[in-house]
Amino acid sequence: MRLIMAQIYNVPTTKTFSEETPIPELGVETPQPEELRVELNPISGERPLTAITYRIFQERDLIRTFSIEPHKLLSYLFALEDSYQQVPYHNKLHGADVCQSMHVLLNSSGIKDVFNEFEILAAIFAAVVHDVHHSGLTNPFLIKTKNDLAILYNNESVLENHHVAVAFKLLQADERNIFSNLSAEQMETLRKRVVDMVLATDMAKHKTLLADFQNLLEAKKMSGNDYLTLESYDDRILVLKNLIHCADLSNMTKPLDTYSKWIDRLMVEFWKQGDAERDLGLDISPMCVRSPTTKDKHQIGFINSFVHPLWETWGSLVYPDANTILETLAQNREWHEASLAALTSSTTDNS
Ligand code: AMP
Ligand code: ZN
């Protein structure tokens, strides 16, 4: 990752749209417009992130509500999509997937009317930008190798600070400034929410984030409210932070064939980091070790320690909306337990 410290990021030369450029009805040219109209699938070939996000902006009427110029939205999304690196997991498809998951979760019955349009715009925007220009290396790796980004951000949420900086850097060009019709005050309000949400995707924040969320829900229950009322900024952003965290950790809650593809991508990314650690003479991070049991062990540990507690809490807020999600998550964990048991017994048999 080449970075000139004062520069944040070199924006790629990407197609820009002008007022004269014809705008495709669905944002992208697609051979399957009917499917794209009905279902938010990444069927746009090379532009899944643009296709999905443009559709979500249309469906939620954000373009009209915030007077966003369609050609600026497309110019921004193209540049954003091209700024996701071609790494196995943290690529444009992951950005698109988290954005789509956010869109679906915002429709959960328990919170459907809780957030205003401004917060929804911030949440969708935060989701789609949240991993832009990820290098496929973890924060601990960047810190221990004294990467420029770690120096720039003083080892604090290194990647997440970079993602959000790149997202706002891309807005600086007039032709990509999708928020040009917001007032300065609205822009600052939006910016604060987006920064807070993207920084909350740092796994190092998980424990505090979840504990605060559980305390909030407990307090709400004690006051006897059947539905969620959130008055303060802190309460509202806390739920939004947990929401983006759920969207980010949603691959394990999806049907096994979809989930398996995400794990395979993540393992390739982790293994590449493990190779780099070995070449540099560093200790190999446990999840980056190339061993037959790493994958199952890591998934079981990750689900038990992080994903299940988070989704269980989310499930209590939107009950019963997340019940199917929790069932799928439990089945996926059982699948890994069975796989690990089979691998362990075949290793024992062979020894
Ligand atoms: P992010 O980097 O923003 O995507 O944060 C989520 C983190 O959760 C990723 O960096 C991964 O380390 C981790 N993660 C996501 N999905 C999985 C998974 N299926 N198994 C293990 N870790 C995961
Ligand atoms: Zn992510």
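No experiment lies behind these values; they were computed from the predicted model shown. (Residues numbered from 1 in each chain as written. Chains lettered and ligands numbered in written order. Predicted model: local features only at pLDDT ≥ 70, side-chain atom pairs only at ≥ 80, totals over all residues. Heavy atoms only, no water.)

Some remarks on the coordination of the zinc ion (ligand 2)
- For the zinc ion (ligand 2), the full set of protein donor atoms is His94 (NE2), His130 (NE2), Asp131 (OD) and Asp248 (OD), at a range of 2.1 to 2.2 Å.
- Each of the six donor atoms bound to the zinc ion (ligand 2) contributes to angles spanning 59 to 170 degrees, and the resulting shape is irregular.
- For the zinc ion (ligand 2), all donor residues lie on one chain, and their spacing in sequence is H-x35-H-D-x116-D. In this pair, Asp131 sits in the loop between α6 (117-129) and α7 (139-144) while Asp248 sits in helix α12 (residues 233-248), placing the two residues 117 residues apart along the sequence. (Donors = N, O, S within 2.8 Å, 3.2 Å for Na, K, Ca; no water. Tetrahedral: all angles 85-135°; square planar, octahedral: opposite > 155°, others 65-115°. Helix = DSSP H or I, 4+ residues; strand = E, 2+ residues; numbered from the N terminus.)

Regarding the UniProt feature "binding site: AMP" (unreviewed entry) in the chain
- The UniProt record annotates "binding site: AMP" (unreviewed entry) at His90, Asn91, Lys92, Leu93, His94, Asp131, Asp248 and Gln299. Taken together, the annotated residues stretch across 210 residues and extend over separate regions, lying up to 22.7 Å apart by C-alpha.
- Classification of Asp131 as buried rests on a relative accessible area of 5%.
- Reaching out from Asp131, the side chain makes a polar contact with the side chain of His94 at a distance of 3.0 Å. (UniProt positions renumbered as here; feature names shortened; annotations may be inferred. Buried < 20%, exposed > 50% of the residue type's maximum accessible area, 1.4 Å probe, protein only. Polar contact = N/O pair within 3.5 Å; in protein donor to acceptor, adjacent residues only side chain to side chain.)

Some details on the pattern of salt bridges
- Per the stated rule, a full pass over the model turns up 14 salt bridges.
- The partner of Asp97 in a salt bridge is Lys254, with the nearest N and O atoms 3.0 Å apart. With Asp97 in helix α5 (residues 92-105) and Lys254 in the loop between α12 and α13 (256-279), this pair connects stretches of sequence that are 157 residues apart. As far as burial versus exposure is concerned, Asp97 and Lys254 are alike and both buried.
- Among the ionic pairs, Asp264 bridges to Lys295, the shortest N-O distance being 3.6 Å. Placement of Asp264 in helix α13 and of Lys295 in helix α14 (residues 294-317) is noted, with a sequence separation of 31 residues between them.
- By relative accessible area, Asp264 is classed as partly exposed at 40%.
- Given the relative accessible area of 26%, Lys295 is considered partly exposed.
- Here the residues in one salt-bridge network are Asp275, Arg278, Asp279 and Arg290, joined through shared partners. (Salt bridge = Lys/Arg side-chain N within 4 Å of Asp/Glu carboxyl O.)

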